[in-house]
Structure formats: C-alpha cells, structure tokens
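Notes for the structure review
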Amino acid sequence: LEYFFCGGKEIRGYVTLSKLRRFLNICSDKYEVCKSVLCYLPNLRNARKTIQYLSPEEVIRFKAAVFDKTNNLTYKDKAIAGFLLYTPMRNSDIISLTLDSFDLRNNTFSFIQEKTASAVTLPITINLGNLVYDYCTNEREDTGSNKLFLSNNPPYNPLGKGGIEWAVSKIMFIAGIRQNKGDRKGTHIFRHRGATTMAQNNVPAPVISAAMGHESPKS
C-alpha cells in the first residue's frame with residue numbers, strides 16, 4: 001500500500017495499478033505468491049484529468065511567432081513547427097523523416113508510424129513546404145546523412161525527441177503562451193488540434209483516421 005500511498009496521498013494511480021495487476025495475473029499460474037499479492041492491491045478509480053488543449057488564440061500566437069522574421073528562431077525550429085501545425089504527426093514520426101520521405105512530383109511525403117507501424121502519406125501544403133525548403137537550403141548541413149532534421153553542432157547527428165520538444169518550448173516562450181506552472185507543452189496537443197480541425201471541417205472519419213495513422217476510424 002505504501003507503493004501507492006504516502007501520508008494518505010495517492011502517489012501512483014490506476015494506470016500503474018492496472019499494469020501491475022496484469023503482470024501478477026500472468027505470473028500467478030507459476031508463482032502462488034502472486035495470487036496473495038493481488039489480494040492486497042488497492043481499488044483505484046480510472047479517473048482521467050481534463051487535458052489542456054490548444055485554444056484558437058494560442059494557435060494564432062504560435063503561428064505569428066513561427067512566421068515572424070525578427071525573432072531568434074532557427075529555420076529548423078520553424079520547420080518543426082510546420083509539421084506540428086499542418087499535420088497530425090507524432091514527435092517520434094517527425095524525427096524519423098528522411099530526405100527520401102518527400103515526393104515533390106506529387107507534393108506528398110510518406111513515413112511509417114513508430115507506434116503502429118502504419119504507412120501514412122500526407123500532402124505537402126504550401127506553408128509546410130516553404131518552411132522545410134528554407135531549412136534545407138539555408139541551414140541544414142550537408143553531412144551525407146539522409147535524416148531530415150540534424151543537430152545544430154558537429155558531428156550533426158540526427159535530431160532526437162528532445163530536440164522537437166525544445167523547439168516547441170522555445171516557440172511557446174516567444175509566443176507568450178503556456179508559461180504557467182503545470183501548463184501542458186507536449187507535442188500531442190498539436191496532434192489533437194489536427195484531428196479536431198479536420199472533424200470541425202466535416203472531413204469524413206475514415207480520412208481523419210488515415211491521416212492520423214489510426215487502424216480504425218473509431219479511434
């Protein structure tokens with residue numbers, strides 16, 4: 001019980017409990033003690049917190065920061081922001097992009113989702129295309145690497161997830177949004193915005209599902 005509570009305060013929740021319970025159930029066929037431990041697990045509610053999504057005003061200010069030529073954002077920062085603003089991509093899929101991902105003849109780019117292994121093809125919109133073009137022609141080092149996004153300093157390794165999060169945090173600071181303690185700053189809020197924007201514009205569920213890389217429109 002002390003694993004879940006400290007001084008009467010819950011320190012681990014339902015998600016941890018469910019994973020632990022699943023693990024003990026699997027092991028209980030082989031180890032009798034697992035059945036005993038299961039009896040002592042607490043009953044916790046599956047309560048989800050309200051997620052702080054992007055407001056229309058925040059999107060306007062974020063875009064203004066991205067297209068402002070007077071701030072200290074790099075071309076790479078702005079290109080990363082382009083994928084978040086104009087596609088419903090995950091952080092992990094943005095860093096997986098390569099130069100070969102882009103089909104300029106058809107104005108599309110393709111990738112395999114890390115989470116689902118689903119193949120996704122999305123359009124290169126004008127704004128996104130311009131941001132990526134500016135990064136590739138003005139800032140990206142020609143190192144022989146096929147990865148689209150590279151680190152700023154030698155040996156210019158492929159960018160990691162932390163690089164995406166840092167760029168988003170920097171843009172939000174310049175835009176003056178999400179600066180209070182506890183404000184949600186992760187890239188997933190942009191993915192949610194992409195899905196809801198399509199839904200609000202009456203895009204059919206199967207099309208939204210395909211763009212998101214979901215295996216089922218019910219997702």
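Structural data are supplied above this passage.
Attention here is on the structure that accompanies the text. (Residues numbered from 1 in each chain as written. Predicted model: local features only at pLDDT ≥ 70, side-chain atom pairs only at ≥ 80, totals over all residues. Heavy atoms only, no water.)

Concerning a nonpolar patch on the surface
Nonpolar side chains collect at one region of the surface, where Tyr-31, Val-33 and Val-37 lie side by side and expose about 270 Å² of accessible area between them. Of note, Val-33 is situated in helix α2 (residues 32-40). (Patch = residues over 30% accessible without salt bridge, like charges linked within 9 Å, V, L, I, M, F, W, Y side chains within 5 Å. Areas by Shrake-Rupley, 256 points an atom, 1.4 Å probe, with all protein chains shown as cover. Salt bridge = Lys/Arg side-chain N within 4 Å of Asp/Glu carboxyl O. Helix = DSSP H or I, 4+ residues; strand = E, 2+ residues; numbered from the N terminus.)

Side note on the pairing of strand β4 (residues 108-112)
Relative to β4, strand β3 (residues 102-103) runs antiparallel, the two being bridged by two bridges. Bridge pairing links Asp-103 to Thr-108 in β4. The antiparallel hairpin formed by β3 and β4 contains four residues in its connecting segment, where Asn-107 sits at a positive phi of about 55°. Across five bridges, the pairing between β4 and strand β5 (residues 119-123) is antiparallel. In the sheet register, Phe-111 faces β5, and the bridge partner there is Val-120. Adjacent in sequence and paired antiparallel, β4 and β5 are bridged by six residues, among which Ala-117 carries a positive phi angle near 65°. (Pairing = 2+ DSSP bridges.)

Concerning the packing of helix α3 (residues 56-67) against helix α7 (residues 161-175)
Where α3 meets α7, the closest approach of the two axes is 9 Å, and the angle between their N-to-C directions is 105°. One element, α3, and the other, α7, form an angle in the roughly perpendicular class. Residues Arg-61, Phe-62, Ala-65 and Val-66 of α3 lie in contact with α7, whose contacting residues are Val-168, Ile-171, Met-172, Ile-174 and Ala-175. Grouping the constituent residues of the contact of α3 with α7 by class yields eight nonpolar, no polar and one charged. (Axes fitted to C-alpha atoms, helices over the stretch in contact; angles between N-to-C directions. Parallel < 35°, antiparallel > 145°, perpendicular 65-115°, else oblique. Contact = heavy atoms within 4.5 Å. Nonpolar A, V, L, I, M, F, W, Y, C, P; charged D, E, K, R; others polar.)

Observations regarding the sheet that holds β3
Taking strand neighbours across the sheet as the criterion, the three strands line up as β3-β4-β5 in an open arrangement whose pairing is antiparallel. If you trace the sheet from one side to the other, it starts and ends with β3 and β5, each paired once.

With respect to the environment of Ser-101
Examined against the element boundaries, Ser-101 turns out to sit in the loop between α5 (91-95) and β3. For Ser-101, a relative accessible area of 11% corresponds to the buried category. C-alpha separation for the pair Ser-101 and Ala-205, spaced 104 residues apart in sequence, amounts to 25 Å. Ignoring anything within four residues of it in the chain, the contact list for Ser-101 reads Thr-108, Phe-109 and Ser-110. (Buried < 20%, exposed > 50% of the residue type's maximum accessible area, 1.4 Å probe, protein only.)

A few points about the side chain of Arg-193
Mapped onto the elements of the fold, Arg-193 is located in helix α8 (residues 188-200). For the buried Arg-193, which has no salt bridge, the nearest side chain bearing the opposite charge is Glu-58, at an N-O separation of 9.4 Å. (Lys, Arg positive; Asp, Glu negative; His and termini not counted.)

Notes on unusual backbone geometry
The omega torsion of the bond from Pro-154 to Pro-155 falls at 5°, within 30 degrees of zero and hence cis. On the secondary structure map, Pro-155 appears in the loop between α6 (126-138) and α7. In this structure, Tyr-156 takes a positive phi of about 55° despite not being glycine. Of note in the backbone geometry, Asn-202 takes a positive phi value of approximately 60° without being a glycine.

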